[in-house]
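What the coordinates show
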Amino acid sequence: MARTRIKICGLTRAEDVRSAVEAGADAIGLVFYPPSPRFVSFETAAELAALVPPFVTIVGLFVNPAPAFVAEALRRVPLQLLQFHGDEDERECVRHGRPWVKAARVRPGVDLVEFSACHPGASGLLLDAFVEGYGGGGKVFDWTLIPAGLDKPLILSGGLDPDNVGEAIRRVRPWAVDVSSGVESGKGIKDAARIAAFIAGVRHADG
């Protein structure tokens, strides 16, 4: 029986971190992209990270960051995985010496096989919808655009919520799913009941 991993992204409040962990999330995501409504300062991120128990991965999300910005985040927050959501190339991602995943904004014409080949050091590929800005848009992309045989673990994102995550897992069979807006009551404000329902939907789909 496969077990789909679950990341709850864009956490900004202590109570939301606790809800995600208690519901069974495998990872939590902290957004270090200032234009995002889910952006957290290094100080807040460190406070939130301190609430995370062992074996729950703390992920830092960046969009086209300056190297010094990432270095400062790593100095101040115990990030275990980096997520690059912009136009970063392999060299920019690998320079920080931490495991990382690369997000692809999926739309017709995007060659995901080539995209994967351009990021050989990535631990996985996060597939998100192509929207204005970067992530958190709540839009589902056409899952049939995902080619068979990609050589890295797939993290499915883009418009997932408690109602559609089961279908998404049955159709795509990703390594993991990543949700932000789909478990919110407002931008950056997570809803504990929706988090629990989302994770229950994943477990039901896993069988």
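See the structure shown above.
Residues numbered from 1 in each chain as written. Predicted model: local features only at pLDDT ≥ 70, side-chain atom pairs only at ≥ 80, totals over all residues. Heavy atoms only, no water.

Once that is clear, we can look at the packing of aromatic side chains. Within the structure shown, the criterion is met by six aromatic pairs. Ring centres of Phe32 and Phe62 lie 5.3 Å apart, and the angle between their planes is 20 degrees; this geometry places the pair in the stacked category. With Phe32 in the loop between β2 (27–31) and α2 (42–49) and Phe62 in strand β3 (residues 57–62), this pair connects stretches of sequence that are 30 residues apart. Assigned by exposure class, Phe32 and Phe62 land together as buried. Judged by centre distance (5.2 Å) and plane angle (40 degrees), the ring pair of Phe42 and Phe69 falls under tilted. (Phe/Tyr/Trp six-rings, centres within 6.5 Å; stacked < 30°, edge-to-face > 60°. Helix = DSSP H or I, 4+ residues; strand = E, 2+ residues; numbered from the N terminus. Buried < 20%, exposed > 50% of the residue type's maximum accessible area, 1.4 Å probe, protein only.)

Interaxial distance between α2 and helix α3 (residues 67–76) falls to 9 Å at its minimum, and their mutual angle equals 40 degrees. Between α2 and α3 the crossing geometry is right-handed. Where α2 abuts α3, its residues Phe42, Glu43 and Ala46 lie against Phe69, Glu72, Ala73 and Arg76. Grouping the constituent residues of the contact of α2 with α3 by class yields four nonpolar, no polar and three charged. (Axes fitted to C-alpha atoms, helices over the stretch in contact; angles between N-to-C directions. Left-handed = near helix turned anticlockwise from the far one by under 90°. Contact = heavy atoms within 4.5 Å. Nonpolar A, V, L, I, M, F, W, Y, C, P; charged D, E, K, R; others polar.)

What follows deals with α3. When α3 is considered as a whole, its buried residues turn out to be Val70, Ala73 and Leu74. Considered in projection along α3, the buried side chains sweep an arc of 95 degrees and stay on one side of the axis. In α3, the exposed positions that point more than 90 degrees away from the buried face belong to Ala68 and Arg75. In this structure, the buried residues of α3 make contact with α2, β3 and β4 (81–84). (Arc of directions from axis to C-beta.)

Before going further, it helps to spend a moment on unusual backbone geometry. Positive phi, normally seen in glycine, also occurs at Phe55, with a value near 70 degrees. Along the chain, the position of Phe55 falls in the loop between α2 and β3. Positive phi, normally seen in glycine, also occurs at Asn64, with a value near 50 degrees. Counting through the fold element by element, Asn64 comes out in the loop between β3 and α3. A relative accessible area of 38% means that Asn64 is categorised as partly exposed.

Let us now look at the pattern of salt bridges. Summed over the entire model, instances satisfying the criterion amount to 13 salt bridges. Across the pair Arg13 and Asp16 runs a salt bridge, and its minimum N-O distance is 2.9 Å. For Arg13, a relative accessible area of 26% corresponds to the partly exposed category. Residue classification places Asp16 among the buried positions, given a relative accessible area of 3%. Between Arg38 and Glu184 there is a salt bridge; the shortest N-O distance is 2.8 Å. With Arg38 in the loop between β2 and α2 and Glu184 in strand β9 (residues 184–186), the pair connects residues that are 146 residues apart, well separated along the chain. (Salt bridge = Lys/Arg side-chain N within 4 Å of Asp/Glu carboxyl O.)

Looking now at the sheet that holds strand β6 (residues 124–129). Read around the closed barrel, the eight strands follow the order β1-β2-β3-β4-β5-β6-β7-β8; overall the barrel is parallel. In this sheet, adjacent strand axes meet at a mean angle of 25 degrees when their direction is disregarded. Inspection of the sheet shows strand β1 (residues 5–8) paired to β2 by two bridges, in the parallel sense. What sits directly across from Ile8, in β2, is Ile28. (Pairing = 2+ DSSP bridges.)

That is the geometry; function is a separate question.
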